[in-house]
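An overview of the molecular structure
Residue-level listing of the chains:
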Number of protein chains: 2
Amino acid sequence: MTDFPVAEYEARLARAQAAMAMAGIDALFLNTEAELNWFTGFRTAFWQSPTRRWYLVVPRDGLPTALVPRIGAALMRDGFVGDVLAFDAPAGGNEGLGELTALLRPHARIATPMGEEASLRMALAEFDALRAALGAEWVDASPLLKRLQMIKSPAEIAVLREICTIGSRAFARLPELVGAGQTLEGAFRAFRIALLEEGAEDVPYLVGGAGPNGYVDVISPASTRALVAGDVLMLDTGARLGGYFCDFDRNVAIGRASEAACRAHETLWRATEAGLAAARPGTRACDLFHAMAGVLGTGSDIGRLGHGLGLRLTEWPSLAPHDTTVLAPGMVLTLEPSVMVADGAMMVTEENILITDGAPELLTRRAERELPVI
Amino acid sequence: MTDFPVAEYEARLARAQAAMAMAGIDALFLNTEAELNWFTGFRTAFWQSPTRRWYLVVPRDGLPTALVPRIGAALMRDGFVGDVLAFDAPAGGNEGLGELTALLRPHARIATPMGEEASLRMALAEFDALRAALGAEWVDASPLLKRLQMIKSPAEIAVLREICTIGSRAFARLPELVGAGQTLEGAFRAFRIALLEEGAEDVPYLVGGAGPNGYVDVISPASTRALVAGDVLMLDTGARLGGYFCDFDRNVAIGRASEAACRAHETLWRATEAGLAAARPGTRACDLFHAMAGVLGTGSDIGRLGHGLGLRLTEWPSLAPHDTTVLAPGMVLTLEPSVMVADGAMMVTEENILITDGAPELLTRRAERELPVI
């Protein structure tokens, strides 16, 4: 069974097909996890295995057709989809390619994700062969998918609200979970377990760091370094529920905090306040960036001050100078200001918000203004 | 710091460059998680974010050059790599593309993964532009990477042995973790936490199912269905340590088991015994398949009876009729027989083994011959 009622997927398909008609696109060709889930509700951890390929063709009219390995045909048939064609796999290459070519042959103008945020989850040699076999014009589906998926439905918002609440409950337990003498590995493990205990389905993303004035980067895995008094510990998680991600972090000081770290946390808090004040429909992503950057002064190496989220840990838009996406109700964003503190050490905070007709709704329990000392 | 000593990466690079010389390849172009980790030790959960692109160019002589977003430059510099070039990202598209084109321009014959198990983790439009800008000949790096990565080093084997041991300890706790009345969601959650408690770093893969004579498929996520007496519950996990996966499952009957389920479990056990007896250096993957298939009779929809594993949940080779890969010491494989039990219900068992000079080493604690009833 799919995660949402059929009406959710019917509405998505109707919006997609209307956009396809407007753009003169005959078919969408999709092969990645988030796209297949968004259109059909097909959800499995089996995407972890790179061996098998999963294809979906969305025509301008009628139901999508899925072309999948036999191992996944039963689960795909539970999805919102028309025909499900199954092929033997693995079989040494080109599995399903003949069927895929036949499925796409009637279409003169085919869109597939080729740009921002996109990747190709099939063998490049097979995709090249597919293009060569078809006389079709290929266009980038990324802008169309961005417009469709950036605005979340009420059902999606409910799930996102829930996973953010779960994350907030887990972060509230940090004082009992971490402390001096514990390794970062131990802190990561305790927090990951807390997320699951609070109701997360899985925790695909957990990064963090610790140091007296922050951390060197925000993407490192756990290490065996032990926490010591005076450290600022940051944990940043993308926990998931029903396939949807939260993405936020919290900072805590172990025992005591440097003045620089306290000041940085306060600056980050104020930058987020500026973001919350600016996050209104009609505001552009770049405007939201500048509202926050104005509080921060010079930036960090992160390259943006937030982003969309949903079925992916990070999605369009980027809160960055280049992104002129206009905010609209239903968008779910992170506000993620970062600041250099000292000697290559940085600090970052993150909240998740929903753009509404008025002030944004905070999906995460707001971080404290003062850096908590535990 | 990298997960292994520098000598490990030096040896990998030397083997890769020798293979490149043999194949007349001037440079390898890589952009996916497992490839970058294998060559440089760069490991981060940040691959979850599709926004940023990570490029590695391995020349036939000398150290690899990494070209990465600024957010990851510090972590990449800790890796086994020569130059680390950083670019601003996100920036609206084509981030790093000019630098990448310049890096690859001196190379006449460039290999990138295009075949079995491969995907392209960059914007297709940007890859097309890269190919158009260069006069290079592009060849498939998949066979070369397969030969290099299929044989695990002693250091890799030690990590794989450890994560399999962790998984075995967690599975040994199943009788205390699951039971009648519990939902599948609850069972998944309890087992995921047990894996972390036993020492897993994360659990990217957990699937399973339950029913009186097995389960409809082997890739479904948890559901709210409650376990009842007579169910066969299967949990299959890819837990990870230092980036390396175990991949195995266990079946338990809740309260009591049908005769058909007990018989199927015994058949699967005997098929695995046949696999263990056949898994010797010089045996081909297809021979190993047939040794197990001979015990099973008719097959299931899974399409193979095991596969390699390592930095990916599933890797080459496939234990399947088409795969003539010759087994060699250092290969780590799953033996994964499956059988239809009744009415569309199937059962599957899985063990992880190391190919040695003699009999294979079981990395997982062998499943019991009789279906355990709990």
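Residues numbered from 1 in each chain as written. Chains lettered and ligands numbered in written order. Predicted model: local features only at pLDDT ≥ 70, side-chain atom pairs only at ≥ 80, totals over all residues.

Things to note about the overall build of chain A
Just so we agree on the cut-off: Under the DSSP-based scheme used, a helix requires at least four consecutive residues in state H or I and a strand at least two consecutive residues in state E, with every element numbered from the N terminus. Just to be clear, the radius of gyration here is over C-alpha atoms, and the globule rule we use is 2.2 Å times residues to the power 0.38. Partly exposed residues are those falling between the two cut-offs: more than 12 but fewer than 20 other C-beta atoms within 10 Å of their own, whereas 20 or more means buried and 12 or fewer means exposed, with C-beta atoms placed from the backbone. Any two residues are considered in contact once their C-beta atoms, placed from the backbone, lie within 7 Å.
Helix and strand counts for chain A stand at 11 helices and 17 strands. Against the compact-globule benchmark of 21 Å for 374 residues, chain A has a radius of gyration of 22 Å, which places it among compact chains. Seen through its C-alpha atoms, chain A measures out along the principal axes to roughly 65 × 45 × 35 Å. For chain A, the proportion of its 374 residues judged to be buried stands at 56%. Considering only contacts within chain A whose residues lie at least 6 apart along the sequence, 69% involve residues at least 24 apart.

Some thoughts on the relation of the copies chain A and chain B
We apply this condition: Least squares is the method for superposing the copies, and the C-alpha atoms it fits come from residues with pLDDT of at least 70 in both.
With an axial shift of 0.0 Å and an RMSD of 0.0 Å, the rotation relating chain A to chain B amounts to 180°. Here the transformation between the copies is reduced to the relation of a two-fold axis. Taking the C-alpha atom as reference, chain A places Leu-120 of chain A closest to the rotation axis, 2.5 Å from it.

Focus: the interface of chain A and chain B
Just so we agree on the cut-off: Classes in brief: Ala, Val, Leu, Ile, Met, Phe, Trp, Tyr, Cys and Pro nonpolar; Asp, Glu, Lys and Arg charged; the others, Gly included, polar.
With 62 residues of chain A at the interface, the matching set in chain B holds 61 residues. For the side of chain A that touches chain B, the elements supplying multiple residues, two or more each, are helix H3 (73–77), helix H5 (124–133), helix H9 (184–198) and strand E7 (202–211) of chain A. Broken down by element, the side of chain A that touches chain B gets its largest block of residues, six residues, from E7 of chain A. Considering only residue class, the side of chain A that touches chain B consists of 31 nonpolar, 16 polar and 15 charged.

Observations regarding the sheet that holds strand E3 (residues 65–69) of chain B
In a beta sheet, neighbouring strands are held together by backbone hydrogen bonds and run either parallel or antiparallel to one another. Residue and element names in this part refer to chain B. Heads up, the rule is: By this definition, two strands are paired if DSSP reports at least two bridges between them. Angles shown run from 0 to 180 degrees and are taken between the N-to-C directions of axes, each axis being a line fitted to C-alpha atoms and, for helices, limited to the stretch in contact.
Within the open sheet, the six strands sit side by side as E4-E3-E2-E1-E5-E6. Their pairing is mixed. On the outer flanks of this sheet lie strand E4 (84–87) and strand E6 (137–140), each paired with one strand and no other. Each neighbouring strand pair of the sheet contributes to a mean axis angle of 20°, computed without reference to strand direction. By the bridge criterion, four bridges tie strand E5 (residues 109–112) to E6 in an arrangement that is parallel. By the bridge assignment, Ile-110 is partnered in E6 with Trp-138. Contacts from helix H3 (residues 70–77) reach E3 and E4 within the one sheet, and its direction differs from that of E3 by about 145°.

Some words on the confidence of the model for chain A
Formally: Confidence of the predictor in every single residue is expressed as pLDDT, which spans 0 to 100.
Looking at chain A as a whole, its pLDDT mean stands at 97, while 100% of the residues score no less than 70. Interface predicted TM-score (ipTM) for the complex: 0.97; the corresponding pTM is 0.97.

Overview of the domain arrangement of chain A
A common measure of how large an interface is: the accessible area buried when the components associate. Just so we agree on the cut-off: The domain limits used here are those given by an automatic or database domain assignment.
Each assigned domain of chain A is listed with its residue range as follows: domain 1 (6–149) and domain 2 (154–362). If one sorts the elements of the side of domain 1 of chain A that touches domain 2 of chain A by residue count, helix H2 (residues 33–40) of chain A sits on top with three residues.

Let's talk about helix H6 (residues 142–150) of chain B
Residue and element names in this part refer to chain B. Test applied: The arc in question is formed by the directions pointing from the helix axis toward the C-beta atoms.
Where H6 is concerned, the buried positions are Ser-142, Leu-145, Gln-149 and Met-150. Seen along its axis, H6 keeps its buried residues to an arc of 115°; they face one direction. Taken together, the buried residues of H6 touch helix H2 (33–40), E6, strand E11 (307–308) and strand E12 (315–318).

Notes on the packing of helix H10 (residues 259–278) of chain B against helix H11 (residues 285–296) of chain B
Residues and elements named next belong to chain B. Spelled out, the test is: Roughly parallel means an angle under 35 degrees; roughly antiparallel means over 145; roughly perpendicular covers 65 to 115; every other angle is labelled oblique. In this scheme the crossing of two helices becomes right-handed for a clockwise turn of the near helix relative to the far one and left-handed for an anticlockwise turn of less than a right angle.
Contact geometry of H10 with H11 gives a least axis separation of 8 Å together with a crossing angle of 150°. Classed by the angle they form, the pair H10 and H11 counts as roughly antiparallel. Crossing handedness for the pair H10 and H11: right-handed. Touching Thr-267, Arg-270, Ala-271, Ala-274, Gly-275 and Ala-278 of H10 are Asp-287, Leu-288, Ala-291, Met-292, Gly-294, Val-295 and Leu-296, all from H11.

Regarding the sheet that holds strand E5 (residues 109–112) of chain A
Residue and element names in this part refer to chain A. Strand order in the open sheet formed by six strands is E4-E3-E2-E1-E5-E6, with mixed pairing between adjacent strands. Lying at the two open borders of the sheet, with one neighbouring strand each, are strand E4 (84–87) and strand E6 (137–140). The mean inter-strand angle of the sheet, taken between neighbouring strand axes irrespective of direction, is 20°. For strand E3 (residues 65–69) and E4, the ladder comprises four bridges, and the chain directions are parallel. Counterpart to Pro-69 in the pairing with E4 is Phe-87. Those strands touched by helix H4 (residues 97–104) are strand E1 (27–30), strand E2 (55–59), E3, E4 and E5, and its axis lies near 175° from that of E3.

A look at unusual backbone geometry
Going from Ala-89 of chain A to Pro-90 of chain A, the amide bond is cis rather than trans, its omega being -5°. Checked against the element boundaries, Pro-90 of chain A lands in the loop between E4 and H4. Positive phi, normally seen in glycine, also occurs at Asp-343 of chain B, with a value near 45°. In this structure, Asp-343 of chain B sits in the loop between strand E14 (338–342) and strand E15 (345–348). Using a count of 11 C-beta atoms within 10 Å as the deciding quantity, one classes Asp-343 of chain B as exposed.

Looking at helix H4 (residues 97–104) of chain B
Residues and elements named next belong to chain B. Regarding H4, the residues found buried are Leu-97, Leu-100, Leu-103 and Leu-104. Seen along its axis, H4 keeps its buried residues to an arc of 120°; they face one direction. Turned more than 90 degrees away from the buried face of H4 sit Gly-98 and Ala-102, all of them exposed. Where H4 is buried, its residues touch strand E1 (27–30), strand E2 (55–59), E3, E5 and helix H5 (124–133).

Overview of the environment of Leu-104 of chain B
Residues and elements named next belong to chain B. Secondary-structure assignment places Leu-104 in helix H4. Put simply, Leu-104 and Asn-352 are 248 residues apart on the chain and 39 Å apart in space, counted from C-alpha to C-alpha. Look past the residues within four positions of Leu-104 in its chain and what remains in contact with it is Ala-27, Phe-29, Val-57, Ile-110, Leu-134 and Ala-136.

Concerning the packing of H9 of chain A against helix H9 (residues 184–197) of chain B
Close contact between H9 of chain A and H9 of chain B brings their axes to 10 Å; oriented N to C, the two are set at 175°. On the basis of the axis angle, H9 of chain A is roughly antiparallel to H9 of chain B. Of H9 of chain B, the residues touching H9 of chain A (which contributes Arg-189, Arg-192, Ile-193 and Leu-196 of chain A) are Arg-189, Arg-192, Ile-193 and Leu-196 of chain B. Per-class residue counts for the contact of H9 of chain A with H9 of chain B are four nonpolar, no polar and four charged.

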